[in-house]
Every structure is written in structure tokens, then in C-alpha cells.
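Descriptive structure summary
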Amino acid sequence: MSDRRRLRSTWLNIHKWIGLILALLIVPISLSGAALVWKDQLDTALHPARAAVTGPARLAPSAYQAAARAALTPEDRIVSLRIPAGWEAVTATAVRAGGRAGRGPSARTSLWLDPATGRLLDRQAGMSGPIGIVHRLHGSLLVPGAGRQVVGIIGFAMLLSSLTGLWLWWPLTGRWTSGLRWRRRGDMNANLHHRIGFWIALPLFMLSLTGAWISFPQIFDRQPAGAGATRNAPPLAAPNLSLDAAIQAAAGPRAGRVTAIAWPTGKSPLWRISVAGRRGEIAVDDATGKPAAGLPRASGGSLSQAMRRWHDGDGMGSVWQTIIFLAGLAPAILAVTGIVMWARSRRWRKRPARRDAREAPAAV
């Protein structure tokens, strides 16, 4: 056997066993990810009240804060506020302070507000509801704690699978364009597997890489130990700065349109404010009322934010969303066709053995 064929055999075994071992996990991750590409459309269809807005955002962020505060209990603390442009609901997220001490993130409540009036449109506890369940299935396989890391490991495995699949697609002889033929094999499953695998290899590589990045931010972003606890910490009960003062400190007296706000917490006493036309977030120290020392005014995570946009398709346009929707469906199809190919290959290999067994008595 030539070195090239020996290497091909090695890659084939790696590719095959990744698919066979992880197939049952890849399929739900794949299908849930494809569904989440259209989460806004699905959410509107399932919850029409959230889209019953009367106009675009025209209130001050503090007015939305007050409207959200009126819809919450005294134990709830607002953790974030998102103010989109156009006719989309303003969303606020709150956590129940001390509700799950020592047992992970506090219970969350999401609110949808009319951007024109601040009127409460809908509310939801935690990640409940169909879209919330699909989110948790895709992000953690519905397994609390280690589920997110399991999904990240599967992302690394799919990354390797996409690379080995592209290697295996490449024809051993002749021009590479011969690999684009539909009938490379006599079996339809094999032809479908090769064709889908080739066209989706690069988008699948990107989705696998960004998915692993999202699952292991402490590795890629070089975050310090305990960063997860910082993100899950409840907001301060009584911040030193008002919301208006934090916005003025972040963007100055002529602040542009504020698009998102994250409240300071006991682990990270910083206001994080996003302003239209400015890249990244602006961090403001709640104690001093000034941009956080040692951090640029437009701080933090632009690459991580890009990774998440590429993975989710948010704000990337319908063409990109269609590409990653198809790339999300592909692993489920490839898993099924791969299992069928493997099962048929086992039957083919057993045929000579059965024939030899039948002929053995005559040879004696």
C-alpha cells in the first residue's frame, strides 16, 4: 500500500469513528442550530404579542428601565437592556438576587417592552418556552453544568471531521473536478454524502470553530479563572451611578443612540454600554463614574462578538443565514448517510466470509 493510500485509510477511520460515535449527539445539535438561525421569525410566530409594537424606540433608556422595574418583583434586579433600532421590542433581562446561591446562575426573567411607549408586551421566566428549550438543547444538550463543554468537544470533533471529509472527497486519481460528478459510487447514499460533504465543508468548519470558541471562551479569549462566575454574578443592589449618569460618562453629553446596557455586578462593578456607530462596549467604573482604568473606551471582545455573529447569523443578512442554515442541517444528513454507508460496507465484507463458510465442507 502506498503512503498516500495508507494516509487516506487513516483519515477514513478517524472520519468514520467520529461520525459513528457522535452521531446521536450531532443530530440534535445540528437540527437545533439550524432552527435557531430563524429564531426571531419562530419567536414572532409563537409569541405574536412580542411583535405588537406601536412604533420605533423613542424613549430614554431610563424610561425603559422604569417600565421594566414596574413589571418585576422587589427581589429582581435588572441585568441588561437591549434597545434595537426599528420596529422591534425592547428587551430587558432580570435575575432573582440570592435565589440560587452557590448553585449556578440565578433565576432569570425576560421582558419585552413596546419601544414607543414602554408598555409591557410579554414576559418569560428563564429559558422556558420552545425557543428557550431549543437554545438549551443546542448549547448544552439540556445537560446542566458540563453540557456546554460536551458541546464544545463535539465542535472540535466536527471541525476535524470536516477537514478529514474534504481530504477523503479529493479523488485519488485524475483531476479534482472529477470529484464533482454526482455518480462517483453506485450507491445513492455515498453520492449524497460526498456531494453534501464537499459543498458544506468550509461553512461547517466555520460553524464548528465558532461553536467551540463559544463553548470555551476562557481558552480562546484568555479569560482568567472565575470569568464564568463573573458573568453569572447578580447585579449590584444599589449601583453608585444612575443609568443616565453611566451613559453620559460612557459616551459624553452628545451620546449617540444607546443599543445595549449591562449593569455592574459584585464581581465586575462596571457598566458596559454599547452605542450605535461605536465598536465594542464602553466600560464605566461604577465607583468613580469614569471609563474603566486600563481598558480602552471601546472595550472588549470584538472578536468574540464576531465569532458569535458568524455562528448565529444575527445581523449578517439573509444570504449568510441561509448558508449557515444549510450548514446546520448538513451534519444530520451526513450522519444518517454515513451510518447507512458503514452498515452496508459491513454486509459487503461479510459476504465473502459467508461464501467461504458454505464452500468449506465441499473442499474437505
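Below, the structure is looked at part by part. All values derive from a computational prediction rather than experimental measurement. (Residues numbered from 1 in each chain as written. Predicted model: local features only at pLDDT ≥ 70, side-chain atom pairs only at ≥ 80, totals over all residues. Heavy atoms only, no water.)

**Here's the deal with the overall build of the protein chain**
Helices and strands together make up the secondary structure of the protein chain, namely 11 helices and 7 strands. Expressed as a percentage of the 364 residues in the protein chain, the buried residues total 38%. In the protein chain, the proportion of contacts linking residues at least 24 apart, taken out of those at least 6 apart, comes to 58%. When the accessible area of the protein chain is evaluated, it comes to approximately 20000 Å², of which 62% is carbon and sulfur surface. (Helix = DSSP H or I, 4+ residues; strand = E, 2+ residues; numbered from the N terminus. Buried < 20%, exposed > 50% of the residue type's maximum accessible area, 1.4 Å probe, protein only. Contact = heavy atoms within 4.5 Å. Areas by Shrake-Rupley, 256 points an atom, 1.4 Å probe, with all protein chains shown as cover.)

**Thoughts on helix α1 (residues 3-36)**
Between the first and last C-alpha of α1 there are merely 43 Å, a value that for 34 residues lags more than 12% behind the 50 Å anticipated at 1.5 Å per step. Largest kink in α1: about 75 degrees, centred on A23. Those residues of α1 that fall on the buried side of the exposure criterion are R8, H15, I18, L22, A23, I26, I29, S30, S32, G33, A34 and L36. (Expected span 1.5 Å × (residues − 1). Bend = angle between axes of the 7 residues up to and from the residue.)

**Some thoughts on unusual backbone geometry**
Phi at L141 is positive, roughly 55 degrees, even though this residue is not glycine. Among the secondary structure elements, L141 is positioned in the loop between α4 (129-140) and α5 (147-169). Its relative accessible area of 16% is what places L141 among the buried residues. Positive phi values are uncommon outside glycine, yet L142 reaches one of about 65 degrees. Tracing the chain through its elements places L142 in the loop between α4 and α5. Judged by its relative accessible area of 43%, L142 is partly exposed.

**Here we look at the layout of surface pockets**
There is about 1000 Å³ of room inside the second largest pocket. At the level of secondary structure, the elements contributing two or more residues to the lining of the second largest pocket comprise α1, α5, α6 (188-215) and α11 (317-363). Looking at the lining of the second largest pocket element by element, the count peaks at 11 residues for α11. Broken down by class, the residue content of the lining of the second largest pocket amounts to 21 nonpolar, 12 polar and 7 charged. (1 Å grid on protein atoms, 1.4 Å probe; cavity = no way out; pocket = protein on both sides within 12 Å on 5 of 7 lines; lining within 4 Å. Points joined across faces, edges and corners; volume = space filled by probe spheres on them. Nonpolar A, V, L, I, M, F, W, Y, C, P; charged D, E, K, R; others polar.)

**Comments concerning the packing of aromatic side chains**
Scanning the model with the defined rule gives 6 aromatic pairs in all. Aromatic side chains W169 and W170 sit 5.7 Å apart centroid to centroid with 85 degrees between the ring planes, which places their arrangement in the edge-to-face category. Residue W169 is classed as buried on the basis of its relative accessible area of 3%. An aromatic cluster of at least three residues, connected via ring pairs, comprises W169, W170, F198 and W199. The aromatic ring of W112 is capped on one face by R50, whose charged end is 3.6 Å from the ring centroid. (Phe/Tyr/Trp six-rings, centres within 6.5 Å; stacked < 30°, edge-to-face > 60°. Lys NZ or Arg CZ within 6 Å of the ring centre and 35° of its normal.)

**Points about the packing of helix α2 (residues 39-46) against α4**
Where α2 contacts α4, the axes come no closer than 9 Å and their chain directions differ by 150 degrees. In terms of their interaxial angle, α2 and α4 are classed as roughly antiparallel. For the pair α2 and α4, the contacting residues are K39, L42, D43 and L46 in the first and P130, I131 and H135 in the second. (Axes fitted to C-alpha atoms, helices over the stretch in contact; angles between N-to-C directions. Parallel < 35°, antiparallel > 145°, perpendicular 65-115°, else oblique.)

**Remarks on the nonpolar core**
Counting 26 residues, the largest nonpolar core has L81, I261, W263, W271 and I273 as its most contacted members. Going through the elements one at a time, α3 (61-70), β1 (76-82), β2 (90-96), β3 (108-113), α9 (243-251), β5 (258-262), β6 (270-275) and β7 (282-285) are the ones with two or more residues in this core. The element contributing the most residues to this core is α9, with 5 residues. By size, the runner-up hydrophobic cluster in this structure holds 18 residues, among which are I26, V37, A157 and A330. (Core = buried A, V, L, I, M, F, W, Y, C linked by side-chain atoms within 4.5 Å.)

**Overview of the environment of G289**
Mapped onto the secondary structure, G289 falls in the loop between β7 and α10 (302-312). With residues up to four places along the chain from it excluded, the contact list for G289 reads L241, A249 and V284.

**Notes on the pattern of salt bridges**
Applying the stated criterion across every chain yields a total of 7 salt bridges. Here D114 and R119 are joined by a salt bridge, their closest N and O atoms 3.9 Å apart. R119 sits in the partly exposed class, given a relative accessible area of 43%. A salt bridge links R272 to E281; the nearest nitrogen and oxygen atoms lie 3.9 Å apart. Using a relative accessible area of 24% as the deciding quantity, one classes R272 as partly exposed. Counted as one network, the salt bridges with shared partners bring together D43, R50 and D122. (Salt bridge = Lys/Arg side-chain N within 4 Å of Asp/Glu carboxyl O.)

**Brief notes about the sheet that holds β6**
Strands sit in the order β4-β3-β2-β1-β5-β6-β7 across an open sheet of 7 strands; the sheet is antiparallel. The two strands at the open ends of the sheet, each matched to only one other strand, are β4 (120-125) and β7. The average angle at which neighbouring strand axes cross in this sheet is 25 degrees, direction not considered. (Pairing = 2+ DSSP bridges.)

**Some points on the pairing of β5**
Of the pairings in the sheet, the one linking β1 to β5 comprises 3 bridges and is antiparallel in character. When the bridges of β5 are listed, R82 appears paired with A260. Where β5 and β6 come together, 4 bridges link them in antiparallel fashion. Bridge pairing in β6 links I261 to I273.

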